[in-house]
Amino acid sequence: MSGPRSGGQEGEGGGRMPPSTRGGRADRPAIAVRSLMADEGLGIDLTLIAGAAGLDRPIMNTRIQKSGLALVGHFHGIVPTRVQILGQTELSFLHKLSREDRLLSLRGFFELGLCCVILTQGDQPFEANGSGIGFVPVPELAQCAEESGTPLVVSAVRSSATITALHALLDDRLAPRLRLHGVLVDVFGVGLLLMGSSAIGKSECALDLVMRGHRLVADDAVECDYRPPGMVFGAPAELLRYHLEVRGLGILNVKDLFGVTSIRERKRIDVVVKLVEWSRDTEYDRLGLDERYHTILGVKIRELVIPVRPGRDMASILEVAARNELLKNAGFHAAREFFGNVEGELLRERSPEESSIPPAARLAEEGASRSAAPPGPPRPPPPPPPGRGVDAPNPPSSAFRPPADRGRPPLDRPSSGFSPTESSVSLPRPRRRG
């Protein structure tokens, strides 16, 4: 039996329960088999046929287990705290075995300390040469259940309907729960959980939001429960339902004051708003680029830190926070789009001919490339212009014109005796007569 139990622990650790929270893992709830059968929220009829001594065994996992390999002696992965389902396939397999093989297989299965075993589609009489579906297809099922004290229950519906009903009920009854101090408000369909120190103004903000047409969920004590695949819902405590405490006014019944449209029974927590006292020495987020998260029951929820000071319209700020959350969920992030536009404008202002390398570095690179080039044969001097001797010096270029002559139009050249490419600086000056 050591193998099956170790496998059960391994399978239980790999379940769908949320990870631990900041203040430690929430207590794992459980429900007794007796309570499961008597729960009106199940929606299907369950009938006990054997194993009444184990009705107080706890069910601690929200997922059921339908393992046909356990009937052939492979018990690895069986979790005793999960409801076990035997459907049409498993029952037909048991029917085809001999009595000795059935006893050997079922005794090893029921000795695992299972919380509950449910036979599905058991309202039809058993046929000896049929498919194996029936109320009790083999008598060894009830015999082994009584010997081990395991509740053996029959469901009148098919396996798919039974599994769906069990999952829906167990997700609600076995959800990890945590009580938080805060105020939960539904603003434009966004669940805002207001948190902060006592007397910071959470209830006053909720009252202002309710007067603007929004809905109160819970005040002072918020009952949080986890729902797969990673959501946290909040609901009011039973004694505080519909009530709001405002200092100076006392306890108010929001439902009686503003009507049924001003309250809500439960809401998913989408944003955690942490209200803090404004301080000159504290730097608050002014850009909105960095995302902060608050962990509740292992789920990361977006967190906003909003300073509170006299003169600030907190209700308007919370409404804008809810609207901004809706935009983010739709894929529009105002801060990121703004900074993207700023960066694009800065890139467009740069000239396309401007290099990203600084001028000093660019000149150094050009010098290094020239020095690295292999030396070649010397270039021959340019030929002298036509009409001049070999020994005559080359005329200066216009680029070396004296500063006083720069910007002046060139002198008219004579029609003969000079090359059209010769610079006007080399023209001889006329001699004075006299």
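As the structure is a prediction and not an experimental result, all values here were calculated from the model.

Asks: Tell me about the overall build of the protein chain, and please be specific about residues and values.
Replies: Broken down by element type, the protein chain carries 11 helices and 16 strands. Contacts spanning at least 24 positions in sequence make up 71% of the contacts within the protein chain whose residues lie at least 6 apart. Entry remark: accessible area of the protein chain is about 26,100 Å², with carbon and sulfur atoms responsible for 54%.

Asks: Talk me through the pairing of strand 11 (residues 243-246); I want residue IDs and the actual numbers.
Replies: Covered by surrounding structure in strand 11 are Leu244 and Val246 only, the residues His243 and Glu245 on the alternate face being uncovered. The pairing of strand 11 with strand 12 (residues 250-253) spans 4 bridges and is antiparallel. Within the sheet, the bridge partner assigned to His243 lies in strand 12 and is Asn253. In this structure, the hairpin formed by strand 11 and strand 12 is closed by a connection of 3 residues, where Gly248 is found at a positive phi of approximately 100°.

Asks: Summarise the packing of aromatic side chains; cite the residues concerned and give the values.
Replies: If you walk through the whole model with that rule in mind, you get 2 aromatic pairs. Relative to Phe110, the ring of Phe109 has its centre 5.6 Å away and its plane inclined at 75°; by these criteria the two rings are edge-to-face. Exposure class is identical for Phe109 and Phe110. Each is buried. Note on Phe338 and Phe339: the rings are 5.5 Å apart at their centroids and 90° apart in plane angle, and the pair reads as edge-to-face. Since its relative accessible area comes to 51%, Phe338 is described here as exposed.

Asks: Before we move on, can you summarise the side chain of Asp186 with the specific residues and values?
Replies: Tracing the chain through its elements places Asp186 in strand 7 (residues 177-187). Polar side-chain contacts of Asp186 include one of 3.0 Å to the backbone nitrogen of Gly189.

Asks: Report on the confidence of the model for the protein chain, specifying residues and quantitative values.
Replies: In the predicted model, the protein chain carries a mean pLDDT of 80, and the fraction of residues at 70 or more is 71%. Per-residue pLDDT stays below 50 along residues 1-26; that stretch engages in 37 contacts with residues further than four places along the chain or on separate chains. Per-residue pLDDT stays below 50 along residues 128-134; that stretch engages in 19 contacts with residues further than four places along the chain or on separate chains.

Asks: Lay out the sheet that holds strand 7 with the relevant residues and their values.
Replies: Here we have 8 strands laid out as an open sheet, ordered 13-10-9-7-8-14-16-15, and mixed in their pairing. At either margin of the open sheet sits one strand with a lone partner, and together these are strand 13 (267-268) and strand 15 (292-296). Two elements, strand 8 (residues 190-196) and strand 14 (residues 271-277), share 5 bridges in a ladder whose sense is parallel. Of the residues in strand 14, the one forming a bridge with Leu193 is Val272.

Asks: Any details on the pattern of salt bridges? Residues and values, ideally.
Replies: By the definition in use, this model includes 25 salt bridges. One salt bridge in this structure joins Arg99 and Glu140, with 2.6 Å as the shortest N-O distance. Placement of Arg99 in helix 4 (residues 99-110) and of Glu140 in helix 5 (residues 139-148) is noted, with a sequence separation of 41 residues between them. You can call Arg99 partly exposed: its relative accessible area is 41%. With relative accessibility at 1%, the residue Glu140 sits in the buried group. Between Glu147 and Arg107 there is a salt bridge whose closest N-O contact spans 3.6 Å. Of the two residues, Glu147 sits in helix 5 while Arg107 sits in helix 4, which places them 40 residues apart along the sequence. Through salt bridges with shared partners, a single ionic network connects Asp39, Asp172, Arg173, Asp225, Arg227 and Arg266.

Asks: Before we move on, could you go through the pairing of strand 14 and cite the residues and values that matter?
Replies: With 5 of its 7 residues buried, strand 14 lies for the most part within the structure. Both strand 14 and strand 16 (residues 299-308) contribute to a ladder of 7 bridges, which runs parallel. From the neighbouring strand, Leu275 faces strand 16, where its bridge partner is Ile306.

Asks: Summarise the sheet that holds strand 2 (residues 46-50); cite the residues concerned and give the values.
Replies: Remark on secondary structure: sheet strands pair via backbone hydrogen bonds, oriented parallel or antiparallel. Ordered by their spatial adjacency, 4 strands build an open sheet running 2-6-5-4, and the pairing between neighbours is mixed. Looking at the sheet topology across the chains shown, the edges are occupied by strand 2 and strand 4 (84-86). Recorded for the sheet is a direction-independent mean angle of 30° between the axes of neighbouring strands. Here strand 4 runs beside strand 5 (residues 117-120); their pairing, made up of 3 bridges, is parallel. The residue of strand 5 that forms the bridge with Ile85 is Ile118.

Rules behind the numbers
- Residues numbered from 1 in each chain as written.
- Predicted model: local features only at pLDDT ≥ 70, side-chain atom pairs only at ≥ 80, totals over all residues.
- Heavy atoms only, no water.
- Helix = DSSP H or I, 4+ residues; strand = E, 2+ residues; numbered from the N terminus.
- Contact = heavy atoms within 4.5 Å.
- Areas by Shrake-Rupley, 256 points an atom, 1.4 Å probe, with all protein chains shown as cover.
- Buried < 20%, exposed > 50% of the residue type's maximum accessible area, 1.4 Å probe, protein only.
- Pairing = 2+ DSSP bridges.
- Phe/Tyr/Trp six-rings, centres within 6.5 Å; stacked < 30°, edge-to-face > 60°.
- Polar contact = N/O pair within 3.5 Å; in protein donor to acceptor, adjacent residues only side chain to side chain.
- pLDDT = per-residue confidence, 0-100.
- Salt bridge = Lys/Arg side-chain N within 4 Å of Asp/Glu carboxyl O.
- Axes fitted to C-alpha atoms, helices over the stretch in contact; angles between N-to-C directions.

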